Amino acid sequence: MKLFRKIGLALSASVALFAASHAQAQQVTSIDVLYCYPSFARFHEPLAQEFMKLHPEIKINFRAPAASYDEGHQVMLRNAVTNQLPDVYYSGYHLFGELIRKLEARGQTVRLEPLLKAEGDAFAKTNFAPRLIALGQVDAKQYGLPFNASSPIMYVNGDLVKRAGADPTKMPTDWDGVIKLAGKIHAMNKDINGMSYDIHAWPDDWMFQGLIYQQGGVLVKPGTKKAGFDGAVGLRTLQLTRRFVTEGAMQMVDWDQSRQQFGAGKTGMFFSTPAQLKQVTEAVGGRFNFTTARFPLDNKAKGGVPTGGNAVITLAKDPAKQKAAWEFIKFVTSPQAQKVVVEMTGYLPTNQLAISPEYLGPFYEANPNFRTATTQIDKSLPWAGYPGGQSVRIWRAQRDVVGAVMRGEKTPEAALPELIKITEDLME
Amino acid sequence: MLALRTSTRQSLAGLLLSLPSGALLVSLYVAPMLCLLLLAFTNYEMGNVDIEWIGFSNFSRVLNDVVFKRSLWNTLLYVLIVVPLSVGGGMFIALLIHARRRTRSFYEVVYFLPVTSTLIAMATVWQFLLHPKLGPINSMLSWVGMSSQNFLGDPTLMIATLAGIGVWQLIGFNMILFLTGLSNIPKELYEAAAIDGVNHPVDRFFSVTLPMLGPTTLFVLVTSTITGFKVFDTVAVLTQGRNQSEVLLYDIYLEGFTYSNMGYASVLTLIFLLIIVGLSAWQSMHMDKKVHYG
Amino acid sequence: MKRRPHDVLPSVAAHSVLLLGALVMLLPFVWMLVTSIRPPHEIFEGSLLPWPQEFYGWGHYEAALLNVPLIRFMVNGVLICSGILIVQILVAVPAAYALAKLHFFGKDALWIGTLAALSVPIQVTALPIYIALATAGWLNTYFAIMLPFFLSVFAIFLLRQAFKTFPDEIIHAARLDGMGEFEIIWRIVLPSYQSTLTAFCIFSVVAHWNDLYWPMIVISETKLAPPPLGMMFFANAESGSDYGALMAGATLLTMPLVLIFLVTRKHFIEGLTMSGK
């Protein structure tokens, strides 16, 4: 009898122990996260570490990062077909709409409205400016939250600007002014390029949209399949690109070479994404006085800037994973996390609380160049796509035409109808 | 086994020996190609739930595809530059190195280095070297009085530049193949030729070396041509097909992966394969007859 | 033996040509090395001076090794390349022999198929193979990375060309001695072509060490990644690459290949002691 009792106790003890440890193990939810650009591991990894400390019951598992937004998009499509979607993905804005529409058709998307609502009515409004949270929407439905955002800014070589007789703290605020200054800089030293606006080499149409938006124009006439940049807006866009080369002394190199050249001190004004601020700052070293300025707007009232970057979405259908994914998404878009990202890159913080003195205040004081992008938030416009889902193909065709105009092979007047035709033909 | 006729035994052996490669050939090449053939008649886009049979529409689309025609032309130009230079150059360098004694391993390593390069890093190096303002190559051009060239940006120069880099990558590879071929030539043949009065190096080359290098040369020619047609990496990394520098494989990649038009990309792929297979088959059979197998 | 005058001139000429070519071959590597020891702001200064103005020490090499599991990636590279090479040789050598020396049903089909497959790039067959692997549940494994390369039509072609020069009489004699075809291949024929085989080994290892396209499609876990993936961590178009670390990483990755080459070169380039056959 005693023996049975002992065995019985031992058994129940071990069962209890087993159940307890099993329950403990079961409580750890592991989620798969996929992001683009492997070098961004430098902020994704620390953020994940921080998150796991705060949430020991959730494990973040990073999949091998995609080489670029485009590659990431392809990975997601393949995963959709083989049913292996990650739980969290960071989608470039320009491919976001296309991705969501394709996944929606397969029933693989997750809407964020219910999750946001559960956080309370004030959550969304307090953390995200309307223009930024709109970046996570497709057809007015909330699928993601903005994680990285950037709007084009002007990188300035203060020394060259001063030598040309202008004040680096008062850079031109319209394009005629920029071109004139660039011309002067080049006149001082023929070896220097006055400016570079690498629209001919940009892998997507961000810079192109920049020139259209700053005039107050639109990419596509709303509700139609007609290009919005016909007429004066389109003409001026093409004329500007040609004048960059003829009057602004711009040389048409590829965008890596262009950035390297600015770092070496051979370009006066360089237009690009603030995400490159950290690297350019390092490349410049102390070689010259390096400052940044706002993107010039010809139309001060209606002009805007396109917003690049990526939105974070979740595809998790399993309730435990979805909850874990949502916690993670909330964390990476929180002011603390955004502070980390901004300090490492130059991106715009997508959480408006991050700009306050409590978080990025001191950093911006010490590094005013990084603050420039934040002064443009009220002018931020979404990075538009064309109806029909052929945006990438359209841009590549457009880019050839723009390149021809810049090289002087076509006049802006002749090229504009061609540009419009290409765009509208591919929009069906 | 011995009861079977020798030829049957050989046949059986032949079949068994080639079975693994045959099986892999079917599963890794033939089967995927059949999928491709089927896709060519559809409008399938990656990620779509539905797929429609559209007959020959994709094929007729090719006729009006400006980008495809451009990439075909660019690829031909690329091959016409890369093949003669890398095959002829490879042979020439191999001949020179083969005769060296003490410096041989040094030269071999140096010429082989480009073959080992990782493109991701090399791309940045080339961007710098070819930079119109910052790069040493343009500096050297200015010493001889030429103006600085925009190698990776000027549409008229891009394909030639890419071809130059292609030769750089390939010449060492071909050199190794030629060195191997040279080492397989028996010394006795040169001695026999010397007895016949063939003493001058150039004569020795044409009467012994070149003929004995026949199989190797054929091989190098065919593989270099195919490598040339398959150019993709340098374009993807250095120019992304900008300024009309697309090549065949890159256009196929754009259509099939970037634009997700798998159906249309399949047609382009079939055309691509037809061209290369036709060309290399012609090369092989044409030259196979002329090659002396010893 | 004293070198005669008309021996020296061609030698000088040959060296001049070779050295000129060597400079062209080396130029990119020189810049790669120099960049890996330069501080970031000096990298694009536009001078090829090998000595940086500020000695940056091994900072970039540290970054390359520590920020990214480069050693792990290199171990993966070794595993993947060896696995591929072994299967390639086991499959290709018998096939090449059969195509060169035997007559069998389907020989022409196999030969044409091989030549045709030489033209087919991995980009073309990637998707169907990917979906097949996904269906079998074999994605994200070393096997998946190696599979498409198990068949090396290049090897079959190369070895077939070589084997064709082997004297038939020796093979006949071996058969009369009672040797089976399999034995003939590995013990009689192949040993005469050590140089060709070694050359192929080098090519295979170099090609697959630097391979990125296919592995990126089939793996989703970084711990299986091949060496070039490590480089991707430093090459970033969005925010600008970390050029110093990129070059340091590339240098580290190239070194094993150069070492292998130096060690094995004797086996495929016999110098003046041509043993012939």
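This is a predicted model, so every value here is computed, not measured. (Residues numbered from 1 in each chain as written. Chains lettered and ligands numbered in written order. Predicted model: local features only at pLDDT ≥ 70, side-chain atom pairs only at ≥ 80, totals over all residues. Heavy atoms only, no water.)

### Considerations on the overall build of chain C
Argument step 1. Counting its secondary structure elements, chain C contains 13 helices and 0 strands.
Argument step 2. Helices (α) and strands (β) of chain C occur, in sequence order from the N terminus, as α-α-α-α-α-α-α-α-α-α-α-α-α.
Argument step 3. Taking the contacts inside chain C whose residues are at least 6 apart along the sequence as the reference set, 71% of them involve residues at least 24 apart.
Argument step 4. As displayed, chain C offers around 11500 Å² of accessible surface, 70% of which is attributable to carbon and sulfur atoms. (Helix = DSSP H or I, 4+ residues; strand = E, 2+ residues; numbered from the N terminus. Contact = heavy atoms within 4.5 Å. Areas by Shrake-Rupley, 256 points an atom, 1.4 Å probe, with all protein chains shown as cover.)

### Concerning the pairing of strand β10 (residues 290-293) of chain A
Residue and element names in this part refer to chain A.
Argument step 1. Residues of β10 alternate between two faces, with F290 and T292 on one and T291 and A293 on the opposite face, all of them buried.
Argument step 2. Alignment of strand β7 (residues 153-157) against β10, held across 4 bridges, turns out to be antiparallel. Bridging across to β10, Y155 finds its partner in T292. (Buried < 20%, exposed > 50% of the residue type's maximum accessible area, 1.4 Å probe, protein only. Pairing = 2+ DSSP bridges.)

### With respect to the interface of chain C and chain B
A common way to state how big an interface is: give the accessible area lost once the parts meet.
Argument step 1. In this assembly, 96 residues from chain C lie in contact with 86 residues from chain B.
Argument step 2. For the pair chain C and chain B, the summed buried area comes to about 8200 Å², and 77% of that belongs to carbon and sulfur atoms.
Argument step 3. At the junction of chain C and chain B, the tally comes to 0 salt bridges.
Argument step 4. On the surface where chain C and chain B come into contact, there are 11 residue pairs in polar contact (both at pLDDT 80 or more).
Argument step 5. Looking at the side of chain C that touches chain B, the element that brings in the most residues is helix α1 (residues 5-36) of chain C, giving 16 residues.
Argument step 6. Looking at the side of chain C that touches chain B residue by residue, the class counts come to 71 nonpolar, 17 polar and 8 charged. (Buried area = accessible area lost by both parts, 1.4 Å probe. Salt bridge = Lys/Arg side-chain N within 4 Å of Asp/Glu carboxyl O. Polar contact = N/O pair within 3.5 Å; in protein donor to acceptor, adjacent residues only side chain to side chain. Nonpolar A, V, L, I, M, F, W, Y, C, P; charged D, E, K, R; others polar.)

### Here's the deal with the domain arrangement of chain C
All names here are of chain C.
Argument step 1. Taken domain by domain, chain C consists of domain 1 (5-57) and domain 2 (69-273).
Argument step 2. Across the contact, 8 residues belong to domain 1 and 7 residues belong to domain 2.
Argument step 3. There are 0 salt bridges connecting domain 1 and domain 2.
Argument step 4. On the surface where domain 1 and domain 2 come into contact, there are 0 residue pairs in polar contact (both at pLDDT 80 or more).
Argument step 5. Among the residues forming the side of domain 1 that touches domain 2, the class breakdown is 6 nonpolar, 2 polar and no charged. (Domains from an automatic or database assignment.)

### Looking at the packing of aromatic side chains
Residue and element names in this part refer to chain A.
Argument step 1. In total, this model carries 59 aromatic pairs over all chains according to the counting rule given.
Argument step 2. For the ring pair W175 and F295, a centre distance of 5.3 Å and an interplane angle of 70° mean the geometry is edge-to-face. With W175 in helix α9 (residues 175-188) and F295 in the loop between β10 and β11 (305-306), this pair connects stretches of sequence that are 120 residues apart. Taken as a pair, W175 and F295 share a single burial class, namely buried.
Argument step 3. Note on Y197 and F244: the rings are 5.2 Å apart at their centroids and 50° apart in plane angle, and the pair reads as tilted. You can see Y197 sitting in strand β8 (residues 193-197) and its partner F244 sitting in helix α11 (residues 232-246), a full 47 residues away along the chain. (Phe/Tyr/Trp six-rings, centres within 6.5 Å; stacked < 30°, edge-to-face > 60°.)

### Regarding the packing of helix α1 (residues 6-39) of chain B against helix α9 (residues 181-189) of chain C
Argument step 1. Their axes nearest at 10 Å, the elements α1(B) and α9(C) cross at an angle of 65°. In contact with R9(B), A13(B) and L17(B) of α1(B), α9(C) contributes E181(C), F182(C) and I185(C). (Axes fitted to C-alpha atoms, helices over the stretch in contact; angles between N-to-C directions.)

### Quick notes on the nonpolar core
Argument step 1. Within the largest apolar cluster, 332 residues are counted, with the highest numbers of intra-cluster contacts made by W175(A), M195(A), Y197(A), F208(A), F271(A) and F163(C).
Argument step 2. No other element matches helix α3 (residues 70-101) of chain C, which puts 17 residues into this core.
Argument step 3. Two domains share this core, each providing at least three of its residues, namely domain 1 (5-57) and domain 2 (69-273) of chain C. (Core = buried A, V, L, I, M, F, W, Y, C linked by side-chain atoms within 4.5 Å.)

### A word on the interface of chain A and chain C
Argument step 1. Between chain A and chain C, the residue contacts involve 34 residues of the former and 26 residues of the latter.
Argument step 2. Counting the contacts that link chain A with chain C gives 0 salt bridges.
Argument step 3. For the side of chain A that touches chain C, the secondary structure elements donating two or more residues are α2 (41-54), α3 (69-81), α12 (255-263) and α13 (277-284) of chain A.

### With respect to the sheet that holds strand β6 (residues 144-150) of chain A
Residue and element names in this part refer to chain A.
Argument step 1. Here we have 5 strands laid out as an open sheet, ordered β2-β1-β3-β12-β6, and mixed in their pairing. The two strands at the open ends of the sheet, each matched to only one other strand, are β2 (58-62) and β6. This sheet shows a mean twist of 25° between the axes of neighbouring strands, independent of strand direction.
Argument step 2. Relative to strand β12 (residues 308-314), strand β3 (residues 88-92) is paired through 5 bridges, and the arrangement is antiparallel.

### Section: the sheet that holds β7(A)
Residue and element names in this part refer to chain A.
Argument step 1. Read from one edge to the other, the open sheet built from 4 strands follows the order β8-β9-β7-β10, with strand pairing classed as mixed. Only two strands of the sheet have a single partner each, and these edge strands are β8 and β10. On average, each strand axis in the sheet is tilted by 20° relative to the strand beside it, whichever way the strands run.
Argument step 2. Pairing of β7 with strand β9 (residues 267-272), which is carried by 4 bridges, proceeds in the antiparallel orientation. Paired with M154 across the bridge in β9 is F271.
Argument step 3. In the packing of α12 onto the sheet, contacts are made with β7, β8, β9 and β10, and the angle to β9 comes to roughly 135°.

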